[in-house]
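Survey of secondary and tertiary structure
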Amino acid sequence: MNARPKMTRFWPPGESTRRPLAPRVAAPREPVDPARIGRRVVRRRAKGMDAGAIAAALEEARFDARQASRHEDLADDVRGPAELAEWERLDQLLAAAAPGTVYDPDTDGVVQAELAADAAAAAAREADLREAQRIAARADELQALRELGTLEQTEPRTGDEAVREELTRRAGGYVQADVDAWLARALAAHRGHYRDQAAREEATGLLTPPVLAHAALLTELARLVPDADGDQVAFAARLATSEPEAAGALAAFLTRAHPRPPITDGD
């Protein structure tokens, strides 16, 4: 019997090195706070109570606190003390109110302030989630462009500094030299969002010293030799990576040796 021929699979270009997409960013949950839960329980129970009923509930809460103090396993309990403190606050609130007033959380300034703070915190968590999803999606996009060999033709966008950090994280903390070089060249050439001077100034606090030194050196080299191609200035990346302080010092020296012309509105 003839041997079955061995099948050879031809992989699409780049597939053998393709990284899996990052998992979807999960929505952050509100952290569990036993003390807050205790206060909410008290407020629900107290709704509609008058001063006398709340005073009675306070005495009951004090009795429970004395009983709990006898048990060592409840020494770390935070919900019980929070409930007692809330009963005490409501007792003072109703004591200062007009006779016949009943407790209503909807008119309690403390409760309303907490609700407003909760809403603001929820909005902040939602914004953080959207930003994390945007960074993850952009990182997937840049990774695909890298595999296609077209990253250099891509213009950077606002927030790509954070995407750089995400790509580094995905690589286990290893610096992605091609991404760093792409950002440095874009920063030096004022491409993408780096056309805006404010974005270039902000980048000084978002990018690493090697990337900034690389960009600064490229800027001066392009000014001195405008027709130099990428291969001729490839040494700038190596110098900035190995000796970022030296690269920055060289860029500053070249600036002093050959002062730049006055900046115009189009620069």
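Let me begin by describing the structure that accompanies this report.

A word on the packing of helix α1 (residues 34-46) against helix α4 (residues 109-148). Interaxial distance between α1 and α4 falls to 13 Å at its minimum, and their mutual angle equals 135°. Here α1 is positioned oblique relative to α4, judged by the angle of their axes. Two packed elements cross with a definite hand, and for α1 against α4 that hand is left-handed. Between α1 and α4, the residues in contact are Arg36, Arg39, Arg40 and Arg43 and Val110, Val111, Glu114 and Asp118, respectively. Split into classes, the residues belonging to the contact of α1 with α4 amount to two nonpolar, no polar and six charged.

Below, the discussion takes up the pattern of salt bridges. Considering all chains together, one arrives at 26 salt bridges under this definition. Between Arg43 and Glu114 there is a salt bridge, and its shortest N-O distance comes to 2.8 Å. Taken together, the residues span a long stretch of sequence, with Arg43 in helix α1 and Glu114 in helix α4 at a distance of 71 residues. Look at Arg43 and you get buried, because its relative accessible area is 7%.

Next up on the list: the environment of Arg146. Position of Arg146 relative to the elements: it lies in helix α4. Taking the C-alpha atoms as reference points, Arg146 and Asp178, 32 residues apart in sequence, are found 8.4 Å from one another. Once residues lying within four places of it in the same chain are set aside, the contact partners of Arg146 are Leu151, Leu167, Gln176, Asp178 and Val179.

We now examine unusual backbone geometry. Note: most residues except glycine have negative phi, and most peptide bonds are trans. Of note, the phi angle at His190 is positive, near 60°, even though the residue is not glycine. With respect to the helices and strands, His190 occurs in the loop between α6 (177-189) and α7 (197-203).

What follows deals with helix α8 (residues 209-224). Counted at 1.5 Å a residue, the expected span for α8 with its 16 residues is 22 Å, and the 23 Å between its end C-alpha atoms agrees. Restricting attention to buried positions, one finds in α8 the residues Val211, Ala213, His214, Ala215, Leu217, Leu218, Glu220 and Leu221. Packed against the buried residues of α8 are α5 (160-170), α6, α9 (235-242) and α10 (244-257).

How each quantity is defined
Residues numbered from 1 in each chain as written. Predicted model: local features only at pLDDT ≥ 70, side-chain atom pairs only at ≥ 80, totals over all residues. Heavy atoms only, no water. Axes fitted to C-alpha atoms, helices over the stretch in contact; angles between N-to-C directions. Helix = DSSP H or I, 4+ residues; strand = E, 2+ residues; numbered from the N terminus. Parallel < 35°, antiparallel > 145°, perpendicular 65-115°, else oblique. Left-handed = near helix turned anticlockwise from the far one by under 90°. Contact = heavy atoms within 4.5 Å. Nonpolar A, V, L, I, M, F, W, Y, C, P; charged D, E, K, R; others polar. Salt bridge = Lys/Arg side-chain N within 4 Å of Asp/Glu carboxyl O. Buried < 20%, exposed > 50% of the residue type's maximum accessible area, 1.4 Å probe, protein only. Expected span 1.5 Å × (residues − 1).

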